[in-house]
Amino acid sequence: MEEVVNKSVMSRVVKDVKSREETLEEQKSDKKVVDRNRRMFGALVGTLQRFNKEEIKKKDVLEKKKVVEKKVEEKTEREKEEIKNRKRELFDEQKKKKKDIQIIQIQMKRVEEYEAWEKSKKVRSELHQNQIYSTRNLLASKAALGQVRSPVG
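Note that the structure is a prediction, hence the values are computed from the model and not measured. Along each chain, the written sequence defines residue order, and numbers are assigned to residues from 1. Residues qualify for local features only when their pLDDT is at least 70, as the model is predicted, and side-chain atom pairs are given and counted only at 80 or more; totals for whole chains, interfaces and linings, by contrast, use all residues. By convention in this description, side-chain values take in all heavy atoms of the structure and omit both hydrogens and water.

1. A look at the overall build of the protein
Step number 1: Helix numbering and strand numbering both begin at the N terminus, where a helix is a DSSP run of H or I of at least 4 residues and a strand a DSSP run of E of at least 2. A tally of helices and strands in the protein yields two helices and zero strands.
Step number 2: Throughout, exposure labels follow a simple rule: accessible area from a 1.4 Å probe, protein chains only, divided by the maximum for the residue type, with under 20% read as buried, over 50% as exposed, and the rest as partly exposed. In the protein, which comprises 153 residues, the share counted as buried stands at 0%.
Step number 3: Carbon and sulfur atoms form 56% of the exposed surface of the protein, whose accessible area is close to 16,200 Å². Only the protein chains shown count as cover for residues, and the accessible areas themselves come from Shrake-Rupley with a 1.4 Å probe.

In structure tokens, the structure reads:
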């Protein structure tokens with residue numbers, strides 16, 4: 001039997017690689033390659049321009065959106081401030097009306113007190129008039145009867 005011996009053999013594949021300059025020179029001489037490269041370059045430039053336009057549009061849309069959001073936010077703030085001011089005005093107005101009502105109630109109480117005082121004064125005045133009238137009548141009757149002395153004498 002034969003023994004199979006596996007020996008590793010070192011092998012290399014050597015490929016002749018051209019330099020970049022040599023490859024470019026070869027491509028310049030071939031008309032088809034030049035046309036293909038121009039088309040590819042044009043396609044790349046077109047794609048870049050399209051992406052650039054899309055980015056500009058996106059930026060414009062974002063800026064417009066920000067402006068609209070800012071306006072909405074400002075409007076909301078103004079409305080909140082207006083509501084706050086209106087609430088304060090209504091509160092102040094309510095406070096003033098309550099104060100006016102209190103003043104009117106005080107005035108009504110004073111009028112009632114004055115009317116009661118006037119009524120009691122009128123009753124007293126009538127009583128006083130009645131007393132004076134009664135006293136005069138009494139004095140007159142006594143004088144008529146000769147019972148009153150003369151104050152002079």
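Having seen it, we continue.
2. A look at the packing of aromatic side chains
Between two aromatic rings, the relevant description is the distance of the centres plus the angle of the planes.
Step number 1: Any two of the Phe, Tyr and Trp rings considered here, Trp counted by its six-membered ring, make a pair once their centres fall within 6.5 Å; the pair's planes then place it as stacked at under 30 degrees, edge-to-face at over 60, or tilted in between. Within the structure shown, the criterion is met by one aromatic pair.
Step number 2: The residue whose ring lies beneath R50 is F51, and the NZ or CZ to ring-centre distance is 6.0 Å. Charge over a ring is defined by NZ of Lys or CZ of Arg lying within 6 Å of the ring centre and within 35 degrees of the ring normal.

3. Looking at the pattern of salt bridges
Step number 1: Each reported salt bridge corresponds to a side-chain nitrogen of Lys or Arg within 4 Å of a carboxyl oxygen of Asp or Glu. Under the criterion given, the structure shown has four salt bridges.
Step number 2: In this structure, K31 and D35 form a salt bridge, with 3.7 Å as the shortest nitrogen-oxygen distance. In this pair, K31 and D35 are both assigned in helix 2 (residues 31–145), four residues apart and thus about one turn of the helix distant.
Step number 3: Look at D35 and you get partly exposed, because its relative accessible area is 27%.
Step number 4: Where K97 meets E93, a salt bridge forms, and the shortest distance between an N and an O atom there is 3.5 Å. Residue K97 and its partner E93 are both found in helix 2; the two are separated by four residues, about one turn of the helix.
Step number 5: For K97, a relative accessible area of 49% corresponds to the partly exposed category.
Step number 6: Classification of E93 by relative accessible area gives partly exposed; the value is 37%.

4. Observations regarding the packing of helix 1 (residues 20–29) against helix 2
Step number 1: Convention adopted: a line fitted to C-alpha atoms gives each axis, helices being fitted over their contacting stretch, and angles between N-to-C directions are expressed from 0 to 180 degrees. Contact geometry for helix 1 and helix 2: axes closest at 5 Å, N-to-C directions at 100°. For the element pair helix 1 / helix 2, the angle class is roughly perpendicular. Facing helix 1, whose interface residues are Q27, K28 and S29, helix 2 presents K31, V33, V34 and N37.
Step number 2: For the contact of helix 1 with helix 2, a count of residues per class yields two nonpolar, three polar and two charged. Each angle gets one of four labels, with under 35 degrees taken as roughly parallel, over 145 as roughly antiparallel, 65 to 115 as roughly perpendicular, and the rest as oblique. When checking whether two residues touch, look at their non-hydrogen atoms; a contact exists if any pair is within 4.5 Å. Residue polarity is assigned by list, with Asp, Glu, Lys and Arg as charged and Ala, Val, Leu, Ile, Met, Phe, Trp, Tyr, Cys and Pro as nonpolar; anything else, Gly included, falls into the polar class.

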